[in-house]
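The residues making up each chain are set out below.
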Amino acid sequence: MEEQITSILRSDKSIEILTPFCLNSYFYDSKIRIEHKGVKLDFDVSIPKSYPFTLPNSDNISIIFKNESLIGYSHINNDGSVCFHPEKDDDFERKLKSEIDGLKTWIYDYYICK
């Protein structure tokens, strides 16, 4: 699954994978840098091994994008994770790309246009 995640993310020229994805208990963890509209931000990324299916009782939250330096910005949880609610989708690639688009939307709406 690491290879599939990596391949999809590398197809997006705005993303740089800073640390390779590796399975740590239940999540594939990595660190990425995303550049959107001239802004570069780093995020710790955790993708559940059941992806694209969501975690039980998770309100459809599946990928965790986290940057503790963003605490205090709108739609950032107390642990530094970005708060957005992706649509359900059982297609791996489509859902992953959709969640990256959601992250880019957050960057524009709540970081750039703050």
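Predicted, not measured: the structure shown is a model, and the values here were computed from it. (Residues numbered from 1 in each chain as written. Predicted model: local features only at pLDDT ≥ 70, side-chain atom pairs only at ≥ 80, totals over all residues. Heavy atoms only, no water.)

**Concerning the overall build of the chain**
Heads up, the rule is: Under the DSSP-based scheme used, a helix requires at least four consecutive residues in state H or I and a strand at least two consecutive residues in state E, with every element numbered from the N terminus. In this setup the radius of gyration rests on C-alpha atoms only. A globule is expected at 2.2 Å times the number of residues raised to 0.38. Working definition: with a 1.4 Å probe on protein chains only, accessible area under 20% of the residue-type maximum means buried, over 50% means exposed, and in between means partly exposed. The contact definition used throughout considers only heavy atoms, calling two residues in contact when any of these lie within 4.5 Å.
When helices and strands are tallied, the chain shows 2 helices and 4 strands. At 13 Å, the chain has a C-alpha radius of gyration in line with the 13 Å of a compact globule built from 114 residues. Overall size of the chain, expressed as C-alpha extent along the three principal axes, is 35 × 30 × 25 Å. Within the chain, buried positions represent 41% of all 114 residues. A sequence separation of at least 24 residues applies to 44% of the contacts in the chain between residues at least 6 apart.

**Details of the pairing of strand β1 (residues 15-24)**
To keep it simple, the criterion reads: When DSSP locates at least two bridges between a pair of strands, those strands are taken to pair.
Of the pairings in the sheet, the one linking β1 to strand β2 (residues 27-36) comprises 7 bridges and is antiparallel in character. The residue bridging Cys22 from the neighbouring strand is Asp29, located in β2. What sits between the antiparallel neighbours β1 and β2 is a turn of 2 residues, in which Ser25 has the positive phi angle 55 degrees.

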